[in-house]
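Breakdown of the fold
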Amino acid sequence: MSSDIIAEQNTHLFDARGVARRFRHSAIFGAIGALRSGETMRFVNDHDPIPLIAQLRERLGDNLSVTYRQRDADAVVIDFGITGLPVE
């Protein structure tokens, strides 16, 4: 597995592989919803979550950035960045 999985400043690791499949989308939506503008969730999964990305884009629009860090048989690692949200 790539060293890219190690979280950086303002980046929060979410490894979905340890979450039961039936709970994954709810857990991911909750985690993304807790992010503040300028923060990133480094998401690790066992497959490419194309439907999930579409749902997140629908909910967050231009406030969401999606950057693939790793995309292979071992894991898919995506940085979901949040920008442009009001500061709390």
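If you're wondering where the values come from, they're calculated on a predicted model, not measured in any experiment.

Ordered by their spatial adjacency, 4 strands build an open sheet running β1-β2-β4-β3, and the pairing between neighbours is mixed. Every interior strand has two partners, whereas the edge strands, β1 (11-15) and β3 (64-71), have only one. Strand-to-strand, the axes of this sheet are offset by a mean angle of 20 degrees, without reference to chain direction. Contacts from helix α1 (residues 21-33) reach β1, β2 (40-45) and β4 (76-82), with the element oriented near 160 degrees to β2. Against the sheet, helix α2 (residues 50-60) touches β2, β3 and β4, its axis set at about 160 degrees to β3.

Here Q70 lies in strand β3. A polar contact of 3.1 Å, which involves the side chain of Q70, links it to the side chain of D72.

Residues I28, I32, M41, F43, L56, I78 and F80 are the most contacted members of the largest nonpolar core, which totals 17 residues. Those elements that place two or more of their residues in this core are α1, β2, α2, β3 and β4. No other element matches the 4 residues that β4 contributes to this core. Dropping the residues within four chain positions of it, F80 is found in contact with I32, L35, E39, T40, M41, F43, I53, L56, L64, S65 and V66.

Parameters at a glance
- Residues numbered from 1 in each chain as written.
- Predicted model: local features only at pLDDT ≥ 70, side-chain atom pairs only at ≥ 80, totals over all residues.
- Heavy atoms only, no water.
- Pairing = 2+ DSSP bridges.
- Helix = DSSP H or I, 4+ residues; strand = E, 2+ residues; numbered from the N terminus.
- Axes fitted to C-alpha atoms, helices over the stretch in contact; angles between N-to-C directions.
- Contact = heavy atoms within 4.5 Å.
- Polar contact = N/O pair within 3.5 Å; in protein donor to acceptor, adjacent residues only side chain to side chain.
- Core = buried A, V, L, I, M, F, W, Y, C linked by side-chain atoms within 4.5 Å.
- Buried < 20%, exposed > 50% of the residue type's maximum accessible area, 1.4 Å probe, protein only.

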